[in-house]
6 protein chains.
Amino acid sequence: MGGATFIGAAENEQDAKVVLYGAPYDSTTSFRPGTRFGPAAIRSESFGIETYSPLQDRDLEDFPFFDSGDLELPFGAPDRALEMIEARAEEILFQGKIPFLLGGEHLVTLGAVRAVAKKHPDLRIIHFDAHADLREDYLGVRLSHACVMRRCHDLLGDGRIFQFGIRSGTREEFEFMRAGHVVTEPFSDATLVEVLDSIPPDAPVYLTVDMDVLDPSVFPGTGTPEAGGFNYRQLVGDVVRICGQLNVVGLDNVELAPSLDPTGRSTALACTFLRECLLALT
Amino acid sequence: MGGATFIGAAENEQDAKVVLYGAPYDSTTSFRPGTRFGPAAIRSESFGIETYSPLQDRDLEDFPFFDSGDLELPFGAPDRALEMIEARAEEILFQGKIPFLLGGEHLVTLGAVRAVAKKHPDLRIIHFDAHADLREDYLGVRLSHACVMRRCHDLLGDGRIFQFGIRSGTREEFEFMRAGHVVTEPFSDATLVEVLDSIPPDAPVYLTVDMDVLDPSVFPGTGTPEAGGFNYRQLVGDVVRICGQLNVVGLDNVELAPSLDPTGRSTALACTFLRECLLALT
Amino acid sequence: MGGATFIGAAENEQDAKVVLYGAPYDSTTSFRPGTRFGPAAIRSESFGIETYSPLQDRDLEDFPFFDSGDLELPFGAPDRALEMIEARAEEILFQGKIPFLLGGEHLVTLGAVRAVAKKHPDLRIIHFDAHADLREDYLGVRLSHACVMRRCHDLLGDGRIFQFGIRSGTREEFEFMRAGHVVTEPFSDATLVEVLDSIPPDAPVYLTVDMDVLDPSVFPGTGTPEAGGFNYRQLVGDVVRICGQLNVVGLDNVELAPSLDPTGRSTALACTFLRECLLALT
Amino acid sequence: MGGATFIGAAENEQDAKVVLYGAPYDSTTSFRPGTRFGPAAIRSESFGIETYSPLQDRDLEDFPFFDSGDLELPFGAPDRALEMIEARAEEILFQGKIPFLLGGEHLVTLGAVRAVAKKHPDLRIIHFDAHADLREDYLGVRLSHACVMRRCHDLLGDGRIFQFGIRSGTREEFEFMRAGHVVTEPFSDATLVEVLDSIPPDAPVYLTVDMDVLDPSVFPGTGTPEAGGFNYRQLVGDVVRICGQLNVVGLDNVELAPSLDPTGRSTALACTFLRECLLALT
Amino acid sequence: MGGATFIGAAENEQDAKVVLYGAPYDSTTSFRPGTRFGPAAIRSESFGIETYSPLQDRDLEDFPFFDSGDLELPFGAPDRALEMIEARAEEILFQGKIPFLLGGEHLVTLGAVRAVAKKHPDLRIIHFDAHADLREDYLGVRLSHACVMRRCHDLLGDGRIFQFGIRSGTREEFEFMRAGHVVTEPFSDATLVEVLDSIPPDAPVYLTVDMDVLDPSVFPGTGTPEAGGFNYRQLVGDVVRICGQLNVVGLDNVELAPSLDPTGRSTALACTFLRECLLALT
Amino acid sequence: MGGATFIGAAENEQDAKVVLYGAPYDSTTSFRPGTRFGPAAIRSESFGIETYSPLQDRDLEDFPFFDSGDLELPFGAPDRALEMIEARAEEILFQGKIPFLLGGEHLVTLGAVRAVAKKHPDLRIIHFDAHADLREDYLGVRLSHACVMRRCHDLLGDGRIFQFGIRSGTREEFEFMRAGHVVTEPFSDATLVEVLDSIPPDAPVYLTVDMDVLDPSVFPGTGTPEAGGFNYRQLVGDVVRICGQLNVVGLDNVELAPSLDPTGRSTALACTFLRECLLALT
C-alpha cells in the first residue's frame, strides 16, 4: 500500500511538464519539528485518493508529471541544504520544466527561489501563509524558517512579494509590510483578484504555499497552528485561479508535519491539494 | 459509565416506532479500518449527551425507540454478513417498525436496502457521502464499500438514487452520474429542496448517511477523510427536512471509526446526530 | 522553552491593570477530566505565539499585566477550593486590579463571581458556553460544573445572566431560560449587539468564557465537545466588542483540557485568545 | 462488540460466589486523572480475551461470579462516594459473597475496607502498590488516594497491613513503615512466602492491588507510573498463591486509567489479570 | 526518507537467496485491525536502522536478498487472497529461493504454507505465537486468523507443528494440544533445544513468527496483546538457532499493526528482527 | 502544577554542589526529532515524583543543587550552539561546581566535554548508549549526534572512552571499537566493575547517559528506539556505583523526546532517574 512516488506520476521524466522534488528538512524549526516526514507521507498516503478531480474535471493520468523523490539533505547544516535544493531546482529548470518542491520547513523555499530568480530576475512571489516570515533574523540566525520571506525580499527587492492570509508576526514585521516592502493582505485573500490583475500575465511567478495558511481545524498537522485561517475550497480556488491566469514557473507546498495530526486528515488533504495544484498547472 | 444501549432507549421493543441495530463490520474497507467499533462507541459515549434537543425542542424520553444491539457478524465473509443484516432488517420491517442501522463500513447498507426494497419495490435512496461509491468493482470484488451504491443501483435502476456532497470518485463514476443513472449534487446540498419536492410525499425513502459527508474538520473519525465537506448544522437541517417531508422507511448512519479520532469529538457528534435523526422521525 | 508565566507578563504586580491567576481544578468534571492541566499548558505553550496582535494592532509589551501563577487547590474538596479562589480574587480586587481566572473546570467561576459580586452587587454576567450549566444539582451535588450558572443565578437573581452559544442542556434548563430567569441566545451570538446596548456602559460585568462555546473543529481540547459552535474570529470579535463597550471588572477562560487534543492546536488557540482578551481590556 | 458485563459473568447473582462492582471515581487524583473509565473499559474489552486460563487450567464458564455493574458516584464529594461504596460492599457481604471492587482511584478501597472490617474486625490487608499511600493528609485533605492506606491503618491498627512493591513515598511515609506500623517489602515481593506463612489460614484477608505495582513497561495505563516494578507473571503468581493459601474475604483491582495507554494493552492485561483473580478464588 | 524496499535489499532478484513479499491483509481480524499497514511500515522505517548486526557480526550488504514488494490483495475475499499468496510463494520456490512473507494478519501464513507443503510434503512448522490459532472455526468462518494453525494441521497432520510461547486459547484448543495433535510448549521456549534436536537437520521447516509472541511491553503494536511473553533477545536467539541448525525453506513475520503503537518502537523492532532473520538464513 | 525548576532545587546557586543546565537542541537529529522538549518536560513533570529516594534513603531537600534553566540555543547552527553550551559549562566549572547537562540530542554532550576536558585534560568518559555514535561523519556533517563520541575521541585520544550497552552501529564503528580506540561492552554492562576498578578513584570522569540505553519497553520516548536494552534498576545501580567510586566532574542525561511517548512514563522515569543521579553525587 502506498508507493515510492505520488499517485499518477509518470514512469519517466522526459515528457513531464512538472517535476516534484522533496526537501525533507526541518533543522531550523523553532517550535515543534516534524515537517521532514512531509514528502514521504504525501507519497505514501496518496494511494488513498483518486487521480481524478471532480472540481477541475481533469485526471492526473492525462497529465504528465514526474516525481523525482527526495533530496538527501544533511541535518544541522542549512547552508549546504539550501545549495542542494537550489542545484536540484536549476537542473529541473534547465530541462524546461516546472520545479515543484515539497517541504519540509519553509526555509527550503529559499533554495528554490534562488534558482528560479537566477533564471527569471523579474520574478514575483505569491505567498500563502499564517506567518509573515519577514524577520531579519531569529535568535541571531538569518537562515531560519521565520526569515525566509525576508531573505527572498533581499533577493528580489520591494513590491515583488504578495502575501495572503498572514495573521501572526512581530510588530516589526507588520511595520515592514506597512512600509510597502511587501504587499500583504492580512487574514484573508480579499484582494487576490486585484493583485492578480496587477501582474502581467506573462511575468514569471513563484507560488509558495505554507499549508498553515489553512485554518488549524482543517489542517492541524503543522508545527505552529494559528487560528482563523482559510478553508480548503478557498485555497484550492485561489490556486486554480493563479495557475490559470499567471505564468507560474516554480512552486512549493511546505510545512506539513504528519505526525502532529494523528487523525491523518492533514496528510490526506495535502494529497488532494497537491493533485489540484498539479492539475491547475496544465 | 456508558451502557449497553443508546441513551433514552425504551426498555422493550413493543411500543417502539424505530429500532436501532448495529453492524460492526469493516472487512472490505480498503484504506484505514476501524468502523467495526462505531456502534459500541456510540452507545457507550451517549451517556455524555442529553436526551433533549434544543434544536427540535423534543426529548428522546417522549419518543419510544428500541436499541436491539449489535449483530455478531463473521469477519472476512461479506456475503454471509449481508444476509444476516438483511434478515434482521426484515424482522424489524415485519413488525411495522423503521429499521435504523448503525455501521460499520458503508457496505452494510446493502443488506438493509435489500430488505427494504423487497417490501417497497418503488424505493428511493437519499445518499449523503463524500465518495460516489459507484464502482462496478474494486480490485475485482463487487461486494465492497466502494461499490455499495452501484449495487443499490443494480437493485433499483435509474433515477432512484439521489446523492449529495459527493466530492471524490473515479472519472468513470462521475461519467456514470452524468449519464443520468443516479441524480448527484456534487460537493453540496444546493438542490436538496428541489429534489425533495420531486419525490411524492408518500413514496418510500431509504436515507443513508455516510458520516464522511461532513468536513473532516468536524468529523475526523473516519477512514477516508475528504476535505471540503458539510458542517454539522447543515447536515442536521437536511435530515430534519427529509424526515419531515418524506416517508422514510429505513435509514442508517455509517463509517464512524472512533479510534481514528483521539479527541473523541467524532463519536460525540455521531451521538447527537443520532439523537436528532431519531427525534426527526417522530 | 516555555516559562513560568504567560508571554509578555510584567516582572512585578504593581503597575499591572489585570492579574492572571490559575485554578487547576477539575474534581467535579462528570465526563472526561483534564482541565487541571489547562493553565500550565497555556503558560508553557505561550512562547510559541507573538506578543503582537495584528487584529488589534496592540502588543502585550505595552500593556502591563501580571501572572500570579496557580493556586494550589485540594482535589476532591470543592467547598475549600472555591473559598481559595474567592479569597484570591478578593485580594486582586482589593488592589484595584481586574482578576482574570484561568480554569480548570467551569465550577471555578463561582469562586471568582462570589468575590466580584461582593464588591459589585449589581453585577451582570456575560456567559459564552455550549452548555447551559443551569442544573439545580447533578447527581445530588450542587457544587458541580453543570450547575455553576444556576449557583450564580442564586447569587444575582433574574435578568442578570446573558448567555450565548448554548446548544446543550436538559429540558428543565431550557424551560428555566424560557421562564426568563436568564437571557439566553441559544446556538449563536445573533443578539449580542442588542444585549450589550441594553447594559449601562458603567455597569460592572463579569465575562466568563467556557472555551467549548467554540466549535469542536476549532477547539477539540475540551471534555464535552458539542458540535455546531462558534468559530475563532467570531468569539474574538465578540470579546473585543464587550471589553470595548462595557465595564468588565472580572473575567475568566475555562475548560481547556490540553491532553484531549494531541494536535496541540487547542492550547495554541487558547494562548492567542488570552492575548486578545488581555489586549481588549486596555 | 463488548458488552455490559465482564466476559463469562453469570446471568444472575444467586449462585455467584464473587460479585464484581465498579467504582468509576477519580476526584482526588492529584496527577493525571482517568481511572473513572477503568471499569467500563475492562468490561468492554473483556470480549477480546478467552474465558479459559491455561495457567490455572480453569474456565470462567465453570465458575459462577456476578457482575453487578458500576455505582453512580457523585464527582467531587468523596465522603458520599465512600459511603455508597461501603453500602454496596455490605450488601454483597450480607449475601455471603465476596465483594470484588473495580476502581477507580485507590481511595475507593477505603469504602470496601470499612464494610469488610465491620464484619471482620480482625481483618488483614495485603497491599500491592508502587506508592506507600500512607500520608496523613495531602494538601490538607485526608480522604485522598495518597492517604488511603493510612486511613486503613487508622481503622485496623499496627501490624495488619502488608505491603509489597512500594518504591515511592515521602521520607515520612518510609519512617512510618520503619516504625513498624505497617509491614512493608519495598521494591519487591521477596518476603511474600514468609508473610503468608505468618498469617493464620482462616484469618480474614482483604487483597488490594493497585495495578501500578506492575512495571510501567507492562502497565503504562495509570496516572503515576513508577519505574522498577513487577512483571505480569510475578503478580499473577503472587495472587494465585494468596488466594490458594489464605481466606480472602474481599478484594479490589484499582488505578487502571485506560486512555493514558493508547496501545490498549494495559486494559487487555487488566482483563486477563481479573480473570486470573476470579479463577484463583475458586 | 524511507524507500520502496527494505534497507540493504539487492537491486535485482537474480542472485538473491531469499525473497521478501508482503501480504497487507487483515480482513478476518476479529479484534483491532491494522496489520495491513505492517509491510509498508517495515520498509519505510527500515532506513532508521543499520544494515550491520553486531549480534551476528554480519551485514545485509554482504547478503543478497530481494524485496519484491506487496501483493495487491482484495479485501473481504480471503479465498482469493490466499490463492494469490500461494501463487507468489510458488513462483519464488520455483526459482529455488526462500519465500519470506511479511504480514498482514496470521491467516496469510496459510497461503505460503500451502505452496511450501506442495513442494515439501514432509514439512514441519515451527510456530511462535501468544495464541494457539487452533480453532476449528471462528463464528462459523474457517479461513480466519484464529484457525490458521488448525488449517495447517489439516494439511500436514499430527506431530508436524511445534508451538512456542502460546498463552491464550480456548479450553478446546488446549485439549487439542494435549491430545498430541500438535507439540506445544505453552508460555515459554523451554523445550526449544530438545524440539530442534528431534527434527532431522535436512527436513524442510517452515518458520512462522506471530510477533505477538513477544511481551506487549516490547511489542505493543499488535491487535491482541497478551501479557507474559518473550523478550527480544530471547526471540532473536531462538530464530538464529533454528536457522543455523535446521533447513528453513520458507518463513514469515506477521501481525505487526504499526498504528496501534504510537511510539513507533514496534515497527523499529520489527525492522531489526527482520534484519536478524535475514542474516540468520545465510 | 509543575514549575520552572526541577523539584527540590535550591533557591540560589551559591551553596549548590551541582548545577543543572538545559540544552533544548535537536537540529542534527537524523530520524525523529523532539528531544528539544526534554528539559522542559522533566522540570514540569518533576512535581509528580517525590524528593525522597527509598533506594538511596536520601532526600533532595538535604542536597543543595541548583537548576539554572535552559540555554536559548539557535536552531540550525550547531557550531554556535556548542559554543554556548561550552561557555555555560565553563562558568559552572569555574565556580567549582559540577555541571549537569540535560539534553537535547546527544551532540550537546560535545559542548560540555570540551569545557570539562579543557579543565581536566586527563578526562575519561563513561558512556551509556544503544548507539555507538562513533561515525567519522554523517551525510558529510561532522557535528552530528551520530558522531559525538568520535568527536570526543578526537579530543581525548585512545583508551579514554568506556562504552556500555551499545547494540547498534555500522560495521566501521564496530571495527573502530575492536581496534581498541574505545573500550566497549556491547549489549550489556557485564564488565562495569572491572572497568571502574581500572580507573584511578581520583581521575576525572565525565558520565554521559543517552537514555536510549534503556530498553524501549521501559523508555519509549526517544527518537531511535533499539530493542534489547537495560532495565531501569540496572542503570540506576550502575550510576550509583560510578558516582560512589569515581570522581565525576561533569555529567549529562540526553535524548528524552517526551512527545514520542504519549503515556508519559518516559518523562516520569527521566525525572526519577535524574533524582537518583543527583543523590548519588553527594
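For the structure itself, look to the data block above.
The structure presented is a predicted model; accordingly, all values stated were derived computationally and were not measured.

J.: Mind showing me how you'd approach the overall build of chain A here?
T.: Helix and strand content of chain A: eight helices and 10 strands. Relative to a compact globule of 282 residues, whose C-alpha radius of gyration would be 19 Å, chain A shows 17 Å and is just as compact. Seen through its principal axes, chain A has C-alpha atoms that stretch 45 × 40 × 35 Å. Looking at the 282 residues of chain A, the share that counts as buried comes to 67%. A separation threshold of at least 6 residues defines the contact pool for chain A, and within that pool the share at least 24 residues apart is 78%. Element-wise, carbon and sulfur atoms account for 48% of the exposed surface of chain A, whose accessible area totals about 8,500 Å². Positive and negative charge centroids in chain A, built from 24 and 43 side chains respectively, lie 3 Å apart.

J.: I would appreciate a short explanation of the relation of the copies chain A and chain B in the present structure.
T.: Both copies of the chain are related by one operation, a rotation about an axis with a shift along it. Mapping chain A onto chain B is achieved by rotating through 120° and translating by 0.0 Å along the same axis, at an RMSD of 0.0 Å. Given the turn and translation reported, the copies of this chain are related as if by a three-fold rotation axis. Among all C-alpha atoms of chain A, that of A:S217 lies closest to the rotation axis, at 3.0 Å. Of the interface residues in chain A, just 14% have counterparts in chain B that sit at the interface too, so the contact is made through distinct surfaces.

J.: Please clarify how the pairing of strand β5 (residues 98–103) of chain A should be interpreted in this entry.
T.: Strand residues, when the strand is regular, have side chains that alternate between the two faces of the sheet. Residue and element names in this part refer to chain A. With respect to burial, β5 is a largely interior element, six of its six residues being buried. The alternating pattern of β5 places I98, F100 and L102 on one face and P99, L101 and G103 on the opposite face, and all of these are buried. Alignment of strand β1 (residues 18–23) against β5, held across six bridges, turns out to be parallel. Its bridge partner lying in β5, Y21 is registered against L101. The pairing of β5 with strand β10 (residues 247–254) spans three bridges and is classified as parallel. Paired with L102 across the two strands is N253, which belongs to β10.

J.: I would appreciate a short explanation of the sheet that holds strand β6 (residues 124–128) of chain C in the present structure.
T.: All names here are of chain C. Across the sheet, eight strands lie side by side as β4-β1-β5-β10-β9-β6-β7-β8; this open sheet has parallel pairing. In the strand order of this sheet, the two ends are held by β4 (65–70) and β8 (183–186), each with one partner. Within this sheet the neighbouring strands show an average axis-to-axis angle of 15°, counted without direction. Along the sheet, helix α2 (residues 78–94) contacts β1 (18–23), β4, β5 (98–103) and β10 (247–254); its crossing angle with β1, the most-contacted strand, is approximately 170°.

J.: Would you take a moment to explain the interface of chain A and chain F for this structure?
T.: Accessible area lost upon the coming together of the parts is a frequently used measure of interface size. Facing the 20 residues of chain A at the interface are 20 residues of chain F. Summed over both partners, the interface of chain A with chain F comes to about 1,500 Å²; 65% of that surface belongs to carbon and sulfur atoms. It is A:R36, A:F75 and A:L139 in chain A that bury the most area against chain F; as a group they hold 31% of the surface buried on that side. There are zero salt bridges connecting chain A and chain F. Our count for the chain A to chain F interface comes out at six residue pairs in polar contact (both at pLDDT 80 or more). Tallied by class, the residues present in the side of chain A that touches chain F amount to 10 nonpolar, six polar and four charged.

Basis of the calculations
Residues numbered from 1 in each chain as written. Chains lettered and ligands numbered in written order. Predicted model: local features only at pLDDT ≥ 70, side-chain atom pairs only at ≥ 80, totals over all residues. Heavy atoms only, no water. Helix = DSSP H or I, 4+ residues; strand = E, 2+ residues; numbered from the N terminus. Rg over C-alpha atoms; globule rule 2.2 N^0.38 Å. Buried < 20%, exposed > 50% of the residue type's maximum accessible area, 1.4 Å probe, protein only. Contact = heavy atoms within 4.5 Å. Areas by Shrake-Rupley, 256 points an atom, 1.4 Å probe, with all protein chains shown as cover. Lys, Arg positive; Asp, Glu negative; His and termini not counted. Charge placed at Lys NZ, Arg CZ, Asp CG, Glu CD. Least-squares fit on C-alpha atoms with pLDDT ≥ 70 in both. Pairing = 2+ DSSP bridges. Axes fitted to C-alpha atoms, helices over the stretch in contact; angles between N-to-C directions. Buried area = accessible area lost by both parts, 1.4 Å probe. Salt bridge = Lys/Arg side-chain N within 4 Å of Asp/Glu carboxyl O. Polar contact = N/O pair within 3.5 Å; in protein donor to acceptor, adjacent residues only side chain to side chain. Nonpolar A, V, L, I, M, F, W, Y, C, P; charged D, E, K, R; others polar.

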